[in-house]
Amino acid sequence: MPKYIVLLGPPGAGKGTQAQKISSSFGYPHVSSGELFREHLKNQTQLGKLAQGYIERGELVPDDVTIAMIRERLTRPDCEQGAILDGFPRTAPQAEALSAMLAELGGKVDLVPYINVPTRVLVERLAGRWTCREQGHIFHETSNPPRQPGKCDVDGSELYQREDDQAETVLKRIQVYLSQTTPLIEHYRSQGVLVEVNGALPIDQVTQTLSELIEKEVLV
Ligand code: AMP
(Lines give C-alpha, C1' and ligand atoms only; values in the text may rest on other atoms or scores of the structure.)
Protein backbone atom coordinates (compact mmCIF):
# COMPACT_ATOMS: atom_id res chain seq x y z
CA MET A 1 0.00 0.00 0.00
CA PRO A 2 1.52 3.35 -0.99
CA LYS A 3 2.15 5.90 1.77
CA TYR A 4 1.52 9.62 1.53
CA ILE A 5 2.81 12.37 3.77
CA VAL A 6 1.46 15.92 3.44
CA LEU A 7 3.62 18.73 4.82
CA LEU A 8 1.41 21.56 5.97
CA GLY A 9 2.51 25.00 7.13
CA PRO A 10 2.93 28.61 6.04
CA PRO A 11 5.32 29.75 3.30
CA GLY A 12 8.76 29.83 4.87
CA ALA A 13 8.02 27.16 7.50
CA GLY A 14 10.68 24.92 5.97
CA LYS A 15 8.41 22.45 4.15
CA GLY A 16 10.63 22.31 1.06
CA THR A 17 13.86 21.95 3.02
CA GLN A 18 12.41 19.18 5.18
CA ALA A 19 10.75 17.43 2.24
CA GLN A 20 14.10 17.25 0.44
CA LYS A 21 15.75 15.73 3.51
CA ILE A 22 13.12 13.13 4.35
CA SER A 23 12.72 12.29 0.68
CA SER A 24 16.38 11.37 0.44
CA SER A 25 16.37 9.36 3.67
CA PHE A 26 13.08 7.47 3.19
CA GLY A 27 13.03 7.24 -0.61
CA TYR A 28 9.57 8.72 -1.22
CA PRO A 29 9.68 11.30 -4.02
CA HIS A 30 9.27 14.96 -3.09
CA VAL A 31 6.22 16.33 -4.87
CA SER A 32 6.20 20.13 -4.64
CA SER A 33 3.38 21.93 -6.43
CA GLY A 34 5.35 25.21 -6.35
CA GLU A 35 8.39 23.53 -7.90
CA LEU A 36 6.24 21.87 -10.58
CA PHE A 37 4.76 25.27 -11.43
CA ARG A 38 8.25 26.82 -11.57
CA GLU A 39 9.36 24.09 -13.99
CA HIS A 40 6.36 24.84 -16.20
CA LEU A 41 7.23 28.53 -16.00
CA LYS A 42 10.83 27.88 -16.95
CA ASN A 43 9.73 25.79 -19.93
CA GLN A 44 7.03 28.33 -20.84
CA THR A 45 4.38 25.61 -21.19
CA GLN A 46 0.72 26.53 -21.49
CA LEU A 47 0.25 25.72 -17.81
CA GLY A 48 3.31 27.78 -16.92
CA LYS A 49 1.94 30.79 -18.77
CA LEU A 50 -1.43 30.41 -17.06
CA ALA A 51 0.14 30.09 -13.59
CA GLN A 52 2.63 32.95 -13.97
CA GLY A 53 0.37 35.86 -13.03
CA TYR A 54 -1.04 34.09 -9.97
CA ILE A 55 2.42 33.17 -8.73
CA GLU A 56 3.79 36.67 -9.26
CA ARG A 57 0.88 38.16 -7.31
CA GLY A 58 1.26 35.62 -4.50
CA GLU A 59 -2.21 34.21 -5.22
CA LEU A 60 -3.21 30.59 -5.64
CA VAL A 61 -3.38 29.05 -9.09
CA PRO A 62 -6.96 27.80 -9.73
CA ASP A 63 -7.82 24.45 -8.17
CA ASP A 64 -8.73 22.58 -11.37
CA VAL A 65 -5.36 23.04 -13.09
CA THR A 66 -3.41 22.52 -9.86
CA ILE A 67 -5.27 19.29 -9.11
CA ALA A 68 -4.72 18.01 -12.67
CA MET A 69 -0.99 18.75 -12.41
CA ILE A 70 -0.66 16.85 -9.11
CA ARG A 71 -2.72 13.93 -10.40
CA GLU A 72 -0.34 13.58 -13.36
CA ARG A 73 2.66 13.70 -11.02
CA LEU A 74 1.34 11.18 -8.50
CA THR A 75 0.54 8.64 -11.20
CA ARG A 76 4.13 8.53 -12.46
CA PRO A 77 5.95 5.26 -11.70
CA ASP A 78 8.35 6.80 -9.16
CA CYS A 79 5.36 7.46 -6.86
CA GLU A 80 4.31 3.81 -6.74
CA GLN A 81 5.35 3.49 -3.08
CA GLY A 82 3.93 6.90 -2.17
CA ALA A 83 5.12 10.51 -1.97
CA ILE A 84 5.89 13.48 0.23
CA LEU A 85 3.60 16.34 -0.74
CA ASP A 86 4.82 19.88 -0.18
CA GLY A 87 2.52 22.82 -0.96
CA PHE A 88 -0.46 20.67 -1.93
CA PRO A 89 -3.26 20.63 -0.86
CA ARG A 90 -3.71 24.32 -0.07
CA THR A 91 -7.52 24.59 -0.25
CA ALA A 92 -10.47 22.47 0.89
CA PRO A 93 -11.36 21.37 -2.69
CA GLN A 94 -7.73 20.35 -3.25
CA ALA A 95 -7.81 18.26 -0.04
CA GLU A 96 -10.99 16.54 -1.20
CA ALA A 97 -9.54 15.88 -4.65
CA LEU A 98 -6.40 14.47 -3.04
CA SER A 99 -8.37 11.99 -0.93
CA ALA A 100 -10.26 10.78 -3.99
CA MET A 101 -7.06 10.52 -6.02
CA LEU A 102 -5.21 8.58 -3.31
CA ALA A 103 -8.15 6.21 -2.86
CA GLU A 104 -7.89 5.41 -6.58
CA LEU A 105 -4.19 4.75 -6.09
CA GLY A 106 -4.93 2.42 -3.16
CA GLY A 107 -3.76 4.77 -0.43
CA LYS A 108 -4.69 7.68 1.80
CA VAL A 109 -3.10 10.61 3.59
CA ASP A 110 -1.15 8.78 6.30
CA LEU A 111 0.52 11.65 8.12
CA VAL A 112 0.25 15.44 8.09
CA PRO A 113 3.09 17.13 9.94
CA TYR A 114 1.95 20.70 10.50
CA ILE A 115 5.17 22.72 10.62
CA ASN A 116 4.34 25.76 12.67
CA VAL A 117 6.47 28.91 12.73
CA PRO A 118 5.54 32.36 14.11
CA THR A 119 4.50 34.73 11.29
CA ARG A 120 7.15 37.33 12.10
CA VAL A 121 9.92 34.80 11.39
CA LEU A 122 8.53 33.89 7.96
CA VAL A 123 9.28 37.14 6.14
CA GLU A 124 12.87 37.11 7.36
CA ARG A 125 13.31 33.49 6.34
CA LEU A 126 11.94 34.00 2.85
CA ALA A 127 13.94 37.18 2.27
CA GLY A 128 17.17 35.23 2.90
CA ARG A 129 16.19 32.17 0.89
CA TRP A 130 18.22 31.11 -2.15
CA THR A 131 16.85 28.45 -4.48
CA CYS A 132 18.72 26.27 -6.97
CA ARG A 133 17.90 26.88 -10.61
CA GLU A 134 18.14 23.24 -11.70
CA GLN A 135 16.25 21.26 -9.06
CA GLY A 136 14.94 23.69 -6.47
CA HIS A 137 17.33 22.81 -3.63
CA ILE A 138 16.90 25.36 -0.86
CA PHE A 139 19.46 27.37 1.12
CA HIS A 140 19.38 30.33 3.49
CA GLU A 141 21.94 33.13 3.80
CA THR A 142 22.47 32.63 7.52
CA SER A 143 20.71 29.52 8.79
CA ASN A 144 21.66 27.15 5.95
CA PRO A 145 24.29 28.78 3.71
CA PRO A 146 25.65 26.95 0.65
CA ARG A 147 29.34 25.94 0.83
CA GLN A 148 30.09 28.33 -2.05
CA PRO A 149 28.00 31.50 -2.27
CA GLY A 150 25.63 31.45 -5.24
CA LYS A 151 26.20 27.77 -6.03
CA CYS A 152 24.06 24.73 -5.12
CA ASP A 153 25.87 22.18 -2.89
CA VAL A 154 23.97 19.30 -4.48
CA ASP A 155 24.15 19.90 -8.23
CA GLY A 156 26.43 22.93 -8.61
CA SER A 157 23.80 24.99 -10.42
CA GLU A 158 23.21 28.69 -9.90
CA LEU A 159 21.24 29.87 -6.85
CA TYR A 160 18.64 32.62 -7.31
CA GLN A 161 16.16 34.53 -5.18
CA ARG A 162 12.54 33.80 -6.03
CA GLU A 163 10.64 36.83 -7.26
CA ASP A 164 7.73 35.93 -4.97
CA ASP A 165 10.01 35.84 -1.90
CA GLN A 166 10.10 39.64 -1.84
CA ALA A 167 8.48 41.18 1.24
CA GLU A 168 5.35 42.51 -0.45
CA THR A 169 4.46 39.24 -2.15
CA VAL A 170 5.39 37.27 0.96
CA LEU A 171 2.82 39.17 2.99
CA LYS A 172 0.19 38.39 0.38
CA ARG A 173 1.19 34.69 0.38
CA ILE A 174 0.90 34.58 4.17
CA GLN A 175 -2.55 36.19 4.00
CA VAL A 176 -3.64 33.66 1.37
CA TYR A 177 -2.29 30.87 3.56
CA LEU A 178 -4.20 32.14 6.61
CA SER A 179 -7.49 32.44 4.77
CA GLN A 180 -7.41 29.45 2.41
CA THR A 181 -5.04 26.86 3.83
CA THR A 182 -5.37 27.02 7.63
CA PRO A 183 -8.84 25.35 7.53
CA LEU A 184 -6.97 22.21 6.44
CA ILE A 185 -5.35 22.03 9.88
CA GLU A 186 -8.71 21.20 11.48
CA HIS A 187 -9.67 19.00 8.54
CA TYR A 188 -6.65 16.75 9.04
CA ARG A 189 -6.79 17.01 12.84
CA SER A 190 -10.31 15.59 12.76
CA GLN A 191 -9.04 12.70 10.64
CA GLY A 192 -6.45 11.94 13.33
CA VAL A 193 -3.43 12.32 11.03
CA LEU A 194 -2.21 15.80 12.00
CA VAL A 195 0.87 16.21 14.19
CA GLU A 196 2.12 19.65 15.11
CA VAL A 197 5.87 20.17 14.74
CA ASN A 198 7.79 23.21 15.99
CA GLY A 199 9.34 24.66 12.82
CA ALA A 200 11.21 27.37 14.70
CA LEU A 201 13.78 24.82 15.89
CA PRO A 202 17.04 24.25 13.98
CA ILE A 203 16.69 22.40 10.66
CA ASP A 204 18.30 19.15 11.88
CA GLN A 205 16.07 18.96 14.94
CA VAL A 206 12.96 19.35 12.80
CA THR A 207 14.25 16.63 10.45
CA GLN A 208 14.87 14.36 13.44
CA THR A 209 11.32 14.88 14.73
CA LEU A 210 9.83 14.24 11.28
CA SER A 211 11.93 11.11 10.78
CA GLU A 212 10.76 9.67 14.12
CA LEU A 213 7.16 10.47 13.23
CA ILE A 214 7.43 8.75 9.86
CA GLU A 215 8.96 5.67 11.45
CA LYS A 216 6.24 5.52 14.08
CA GLU A 217 3.17 6.51 12.06
CA VAL A 218 3.89 5.61 8.45
CA LEU A 219 6.29 2.68 8.28
CA VAL A 220 4.13 0.36 10.36
P1 AMP B 1 5.42 27.45 -3.11
O2 AMP B 1 6.71 27.13 -3.78
O3 AMP B 1 4.77 26.24 -2.48
O4 AMP B 1 5.56 28.59 -2.14
O5 AMP B 1 4.42 27.93 -4.24
C6 AMP B 1 4.69 29.08 -5.03
C7 AMP B 1 3.42 29.56 -5.69
O8 AMP B 1 2.91 28.56 -6.57
C9 AMP B 1 2.27 29.87 -4.76
O10 AMP B 1 2.36 31.17 -4.19
C11 AMP B 1 1.08 29.74 -5.70
O12 AMP B 1 0.95 30.85 -6.55
C13 AMP B 1 1.49 28.54 -6.54
N14 AMP B 1 1.04 27.28 -5.90
C15 AMP B 1 1.83 26.32 -5.35
N16 AMP B 1 1.09 25.32 -4.86
C17 AMP B 1 -0.20 25.63 -5.09
C18 AMP B 1 -1.44 25.00 -4.79
N19 AMP B 1 -1.49 23.83 -4.13
N20 AMP B 1 -2.57 25.64 -5.18
C21 AMP B 1 -2.55 26.80 -5.85
N22 AMP B 1 -1.41 27.46 -6.13
C23 AMP B 1 -0.23 26.89 -5.77
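Starting afresh in each chain, residues are numbered from 1 along the sequence in its written order. At least 70 in pLDDT is required for a residue's local features to be given in this predicted model, at least 80 for side-chain atom pairs to be given and counted, and no such filter applies to totals for whole chains, interfaces and linings, which use all residues. Excluded from the side-chain calculation are hydrogens and water; included are all heavy atoms of the structure.

A short note on unusual backbone geometry
In this structure, Pro89 follows Phe88 across a cis peptide bond, with omega equal to 0 degrees. Within the secondary structure, Pro89 is located in the loop between strand 3 (82-86) and helix 5 (92-104). Unusually for a residue other than glycine, Gln44 sits at a positive phi of about 50 degrees. Only DSSP runs of H or I reaching four residues or more are called helices, and only runs of E reaching two or more are called strands; each is numbered from the N terminus. Here Gln44 is to be found in the loop between helix 2 (33-42) and helix 3 (46-57).

Looking at helix 9 (residues 203-217)
Take the residue count of a helix, subtract one, and multiply by 1.5 Å to get its expected span. Here helix 9 contains 15 residues, and its C-alpha end-to-end distance of 21 Å stays within 8% of the 21 Å for a straight helix at 1.5 Å per residue. Categorising residues by exposure relies on relative accessible area from a 1.4 Å probe, with only protein chains included: less than 20% of the type maximum marks a residue as buried, more than 50% marks it as exposed, and the intermediate range marks it as partly exposed. Of the residues making up helix 9, those classed as buried are Val206, Thr207, Leu210, Ser211, Leu213 and Ile214. All buried residues of helix 9 lie within an arc of 165 degrees about the axis, which places them on one face of the element. Along helix 9, the residues that are exposed and aim more than 90 degrees away from the buried face are Asp204 and Lys216. We call two residues in contact when some of their heavy atoms are within 4.5 Å. On the buried face of helix 9, the contacting elements are strand 1 (3-7), helix 1 (15-26), strand 4 (109-116) and strand 8 (194-198). Of all possible arcs, the one meant is that of the directions from the helix axis to the C-beta atoms.

Some remarks on the sheet that holds strand 7 (residues 159-160)
Read across the open sheet, the three strands follow the order 6-5-7; overall the sheet is antiparallel. The two strands at the open ends of the sheet, each matched to only one other strand, are strand 6 (138-140) and strand 7. DSSP calls a pair of strands paired once it identifies at least 2 bridges connecting them. Relative to strand 7, strand 5 (residues 129-132) is paired through two bridges, and the arrangement is antiparallel. Along strand 7, the bridge assignment pairs Cys132 with Leu159.

What to know about the packing of aromatic side chains
Here a pair means two rings of Phe, Tyr or Trp (six-membered ring of Trp) with centres within 6.5 Å. Their orientation is stacked below 30 degrees between planes, edge-to-face above 60, and tilted elsewhere. Taken as a whole and assessed by the stated rule, the structure comprises zero aromatic pairs. Sitting over the face of the ring of Tyr54, Arg57 holds its NZ or CZ atom 5.3 Å from the ring centroid. Sitting over the ring of Tyr160, Arg133 keeps its end group 4.2 Å from the ring centre. As a reminder, the over-ring test applies to NZ of lysine and CZ of arginine, requiring each to be within 6 Å of the ring centre and within 35 degrees of the ring normal.

Brief notes about the site of the ligand
Nearness of a residue to a molecule or strand requires only that one of the residue's heavy atoms be within 4 Å of it. As a structural note, the neighbourhood of the ligand is formed by 16 residues, with Ser33, Arg38, Glu59, Gly87 and Gln94 the closest of them. As used in this structure description, the phrase polar contact means that two N or O atoms lie within 3.5 Å; if the pair is within protein, one of them must be able to donate a hydrogen and the other to accept it, and residues adjacent in sequence are counted only when both atoms belong to side chains. Between an oxygen atom of the ligand and a side-chain N or O atom of Arg173, the distance comes to 3.1 Å. Surface accessibility in these figures is a Shrake-Rupley result with a 1.4 Å probe; residues are shielded only by whichever protein chains are displayed. Protein coverage of the free-state accessible area of the ligand, which is 480 Å², stands at 96%. For this classification, Asp, Glu, Lys and Arg are treated as charged, while Ala, Val, Leu, Ile, Met, Phe, Trp, Tyr, Cys and Pro are nonpolar and the rest, including Gly, are polar. Grouping the amino acids of the shell around the ligand by side-chain chemistry returns five nonpolar, five polar and six charged.

Description of the sheet that holds strand 4
Strands sit in the order 2-3-1-4-8 across an open sheet of five strands; the sheet is parallel. If you trace the sheet from one side to the other, it starts and ends with strand 2 (30-32) and strand 8, each paired once. Pairwise comparison of adjacent strand axes, ignoring direction, gives a mean angle of 25 degrees for this sheet. Inspection of the sheet shows strand 2 paired to strand 3 by three bridges, in the parallel sense. Counted as the bridge partner of Ser32 is Asp86 from strand 3. Orientation is described by axes fitted as lines to C-alpha atoms, over the contacting stretch for helices, and by angles from 0 to 180 degrees between their N-to-C directions. Those strands touched by helix 1 are strand 1, strand 2, strand 3 and strand 4, and its axis lies near 165 degrees from that of strand 3. Here helix 2 sits on the sheet in contact with strand 2 and strand 3, set at roughly 70 degrees to strand 2.

Topic: the pattern of salt bridges
Counted as salt bridges are all cases of a side-chain nitrogen of Lys or Arg within 4 Å of a carboxyl oxygen of Asp or Glu. For the structure on display, the rule yields 14 salt bridges. The partner of Glu72 in a salt bridge is Arg76, with the nearest N and O atoms 3.0 Å apart. On the basis of relative accessible area, Glu72 is assigned to the partly exposed category, the value being 42%. Relative accessible area serves as the criterion here: at 35%, Arg76 is assigned to the partly exposed category. Members of the salt-bridge network, linked through shared partners, are Arg129, Arg162, Asp164, Asp165 and Arg173.

What about the nonpolar core?
As used here, the term nonpolar core means buried Ala, Val, Leu, Ile, Met, Phe, Trp, Tyr and Cys residues forming a set that is joined through side-chain atoms within 4.5 Å. Within the largest apolar cluster, 33 residues are counted, with the highest numbers of intra-cluster contacts made by Leu74, Leu98 and Tyr188. Of all elements in the fold, only strand 1, helix 2, helix 3, helix 4 (63-74), strand 3, helix 5, strand 4 and helix 8 (183-190) reach the threshold of two or more residues within this core. By residue number, the principal contributor to this core is helix 5, which donates five residues. In this structure, Tyr188 is in contact with Leu8, Pro89, Ala95, Leu98, Val109, Val112, Val193 and Leu194, ignoring residues within four places of it in sequence. By size, the runner-up hydrophobic cluster in this structure holds 21 residues, among which are Ile5, Ile22, Leu126 and Val197.

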